[in-house]
Amino acid sequence: MVSSKQRQFDALVRSLSGDLFRYAYWLCGDEALAHDLVQETFLRAWRALDDLRETAAAKAWLITILRREHARLYERKTPQFTSVDEIDVPEERGAHLPEFSGEENLIRNAMRRLDPKYRDPLLLQVLGGFSCDEIARELKLTPAAVMTQVFRARQKLKALLGGDSREGSVHELP
Amino acid sequence: MNCLDFRRRLGAEPHCNDADFLRHRQDCPGCAEAQARALAFEQTLRQALAVPPPAELAEAVLLAHATRQQRLRRVYRRGALLALAASLVLAFGIGLRVEARPLTDQAVEHLRAEAVTLTFTQPVTAQAVRDAFASRGLALREVPDGITFVACCPMGRHRTVHLVMSGEGGAVSVIYVVDVRTGAREDFQHGGWQGRSVPLGAGTLILLAQDGSRFDAVERAWRAALDAR
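Caption draft 1: Examining the environment of Thr119(B) more closely. Relative to the elements of secondary structure, Thr119(B) occurs in the loop between α5 (103-113) and α6 (126-135). Put simply, Thr119(B) and Ser166(B) are 47 residues apart on the chain and 8.8 Å apart in space, counted from C-alpha to C-alpha.

Caption draft 2: View of the packing of helix α2 (residues 31-47) of chain A against helix α3 (residues 58-73) of chain A. Residue and element names in this part refer to chain A. Closest axis-to-axis distance for the α2/α3 pair is 9 Å, and the angle between their directions is 115°. The handedness of the crossing between α2 and α3 is right-handed. Contacts from Leu37, Glu40, Thr41, Arg44 and Ala45 in α2 reach Leu62, Ile65, Leu66, Glu69 and His70 in α3. Across the contact of α2 with α3, the residue classes tally to five nonpolar, two polar and three charged.

Caption draft 3: View of the environment of Thr121(B). All names here are of chain B. With respect to the helices and strands, the residue Thr121 is situated in the loop between α5 and α6. Owing to 10 C-beta atoms within 10 Å, Thr121 belongs among the exposed residues under this scheme. Remark: the alpha-carbon pair of Thr121 and Ala171, spanning 50 residues in sequence, is separated by 9.2 Å. Sequence-distant contacts of Thr121, that is, excluding residues within four places in its chain, are made with Thr148 and Ser166.

Caption draft 4: Looking closely at unusual backbone geometry. Of note, the phi angle at Lys140(A) is positive, near 55°, even though the residue is not glycine. Mapped onto the elements of the fold, Lys140(A) is located in the loop between α7 (132-139) and α8 (143-162). For Glu56(B), which is not a glycine, the phi torsion comes out positive at approximately 60°. Summarising the element assignment, Glu56(B) is placed in the loop between α3 (29-49) and α4 (57-100). A count of 10 C-beta atoms within 10 Å places Glu56(B) in the exposed class.

Caption draft 5: The pairing of strand β4 (residues 186-190) of chain B, seen in detail. Residue and element names in this part refer to chain B. Burial runs low along β4: only zero of the five residues are buried. Note: β4 against strand β5 (residues 193-200), five bridges, orientation antiparallel. Each residue of the ladder has a partner; that of Asp187, found in β5, is Arg196. The hairpin turn running from β4 into β5, its antiparallel successor, is two residues long, and Gly191 in that turn takes a positive phi close to 55°.

The rules behind the values
The written sequence of each chain sets the order in which its residues are numbered from 1. Key to labels: chains lettered from A, ligands numbered from 1, both in the order written. Only residues with pLDDT of at least 70 get local features here, since the model is predicted, and only at 80 or more are side-chain atom pairs given and counted; chain-wide, interface and lining totals rely on the full set of residues. Segments assigned H or I by DSSP are reported as helices when at least four residues long, segments assigned E as strands when at least two residues long, and all are numbered from the N terminus. Interaxial angle, 0 to 180 degrees, is taken between N-to-C directions of lines fitted to C-alpha atoms, where a helix line uses only the stretch in contact. By the definition used in this description, the sense in which the near helix is turned from the far one sets the handedness, with an anticlockwise turn below a right angle giving left-handed and a clockwise turn giving right-handed. Any pair of residues counts as being in contact when their C-beta atoms, constructed from backbone geometry, are within 7 Å of one another. Three classes are used, and their members are as follows: Ala, Val, Leu, Ile, Met, Phe, Trp, Tyr, Cys and Pro are nonpolar, Asp, Glu, Lys and Arg are charged, and the others, Gly among them, are polar. Counting other C-beta atoms within 10 Å of its own, a residue is labelled buried from 20 upward, exposed at 12 or fewer, and partly exposed in the gap between, with every C-beta atom placed from the backbone. When DSSP locates at least two bridges between a pair of strands, those strands are taken to pair.

Structure representation (structure tokens):
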């Protein structure tokens, strides 16, 4: 007889394993490792499934578990951040935008070249659907620092795509 | 919110629904166009990041989960069996150790645990004594006088009848071990007690007292009672 916990677990795996894999892949950059991370995440999630109060929060909860599992494997330094208010905003040009390149591979390559300290919050936002406040809690940063990082992540990504160097005009904190 | 604030917010949160943000977008065509471009970029970015997961990923995870659960159940079962086996070995080992100890040692230990019985002075009825022995499968020919305590006690794995006989010269504890007969009659001293072990009938009579001066009389009385002269 299948327990309600097992049914809930099955549903989570079937509905969220793809999203988790995508996030894990961009987090670690390796398909096989991403697979292992997703598997280990769900196996750990099973043990703590009673802690999951809201199904709507399941994805964020699982991503948090996945990040911990990844961190357990790969200890990383916490990046330093600047304030979003210190950033100059250059005029956009059509050439920067990926729709003109028509190449998703270019974006993927650019993402791979992006520094993890920029890539991590961007992934949490774009793939995880986290708000800046949620990312801040996840990364143990201030919301302002997160806003700065995701802003600069997009700028750097566009610069990598279009070869524009104006993102270098972003002010650094003293 | 001015255009710079809007663009900063746009770069950080392209899908922002903040009231000030939305109001500025409504009032500023340039920023509205910027957001349209930003959202298009977001759409392309999301598509680019959407790497396809391995086929049967969910099934692989569920299989791994089921396998681990099965393994855990096996480990628990094996652990429980090992624990049971260990308990049996331990119990058996303790049993062997107990059995390896001389009967007289076990009797002294038993008496220590029930030392209070030596203080009893009220005589028990002859019938109570007969009943105690009868429950051990023995019929008494007669019942000695002066018995102030009687009980059927386990001693290790042995079955006994434990009695106390009061009288001048102090109380004597009498333990008749029903199911084992020692090889030879002997007097002994153990832990401050004087003792005598007597093979009697199918069992062993063990006498213990602070003063063994009454042992001969008590032994005679029990030889008569058990019809084992």
